[in-house]
Amino acid sequence: MKFVIVGYGRVGMRTARILHEEGHEVTIVDNDPEKVKRARSAGFEAVEGNGGDESVLESVGVETADALAGLTGDLNTNFAACSVGTHHGCRTVMRIDDDYREDIYKKYADDVDEIIYPERLGAAGAKTALLGGDFNLVADLTERLQLTTITVREGSPAIGKRVSEVDLPSGARIYAHGAAGTSMTIPMPRTTIEAGDRVAVIVEQESVEGVRAALLGSEERNVA
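1. A short note on the confidence of the model for the protein chain
Working step 1: Residues of the protein chain with pLDDT of at least 70 account for 79%, and the chain-wide mean is 80.
Working step 2: Predicted confidence for residues 133-143 stays below pLDDT 50, and this span has 17 contacts to residues more than four positions away or in other chains.
Working step 3: A low-confidence stretch, residues 220-224 stays under pLDDT 50, and its non-local contacts, those more than four residues away or across chains, total 16 contacts.

2. Comments concerning the packing of aromatic side chains
Working step 1: Evaluated as defined, the whole model comprises 1 aromatic pair.
Working step 2: Ring plane angle 65° and centroid distance 6.2 Å describe the contact between Tyr8 and Phe44, whose orientation is recorded as edge-to-face. Placement of the pair is Tyr8 in the loop between strand S1 (2-6) and helix H1 (10-21) and Phe44 in the loop between helix H2 (33-41) and strand S3 (45-48), with a sequence separation of 36 residues. As far as the burial class goes, Tyr8 and Phe44 line up, both buried.

3. Brief notes about the sheet that holds strand S2 (residues 25-30)
Working step 1: Across the sheet, 6 strands lie side by side as S3-S2-S1-S4-S5-S6; this open sheet has parallel pairing. In this open sheet, the two strands that pair with only one neighbour each are S3 and strand S6 (114-116). Strand-to-strand twist across the sheet, computed as the mean angle between neighbouring axes with direction ignored, equals 15°.
Working step 2: One ladder, built from 3 bridges, connects strand S5 (residues 91-95) with S6; its direction is parallel.

The rules behind each value
- Residues numbered from 1 in each chain as written.
- Predicted model: local features only at pLDDT ≥ 70, side-chain atom pairs only at ≥ 80, totals over all residues.
- Heavy atoms only, no water.
- pLDDT = per-residue confidence, 0-100.
- Contact = heavy atoms within 4.5 Å.
- Phe/Tyr/Trp six-rings, centres within 6.5 Å; stacked < 30°, edge-to-face > 60°.
- Helix = DSSP H or I, 4+ residues; strand = E, 2+ residues; numbered from the N terminus.
- Buried < 20%, exposed > 50% of the residue type's maximum accessible area, 1.4 Å probe, protein only.
- Pairing = 2+ DSSP bridges.
- Axes fitted to C-alpha atoms, helices over the stretch in contact; angles between N-to-C directions.

Here you go:
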């Protein structure tokens, strides 16, 4: 897969390295010449420029990328980059600081595919490591979330829709999708849902019924 990462700080650097180690194509955009130099030294294609500028992102082939991540420390740059990515059909991931989580999530959640909070994720992992337990990411983020896997049946209102078009409650996100007989993977916004597909959803407990209605309809609600 092809990814564009805007921002080569600690979060962007580690994300790029992991994707590269898994065999994906990664391109870096950063406005800091030293960070661009480090990215190139690490073997990445890297471009110096404003990651929120559409012309800069087009120069690195955003129109053919599978996903784009805005991982700088600047919220405006991250959101601008994700807006360009959405325009070109990319899956988008936006970093925000934990201090702004509630307000920013409400403001931008509908405009990007995923929002991440590196500080909170790091703190959750550190706490679990100190306690000597397994790292249960979802449980550490909030006790109100649960994971639900649904097999889409004939007659579902979601059939024929792209993942990005499914009318889910505001407290729900599709995080994995698999066609019948295949493994589940992170879906692209253009992924289309068909009968027999499995869909994994992270959902707030009070929104579970709304998710089932959106993916199964009112007649049949079978949860795998």
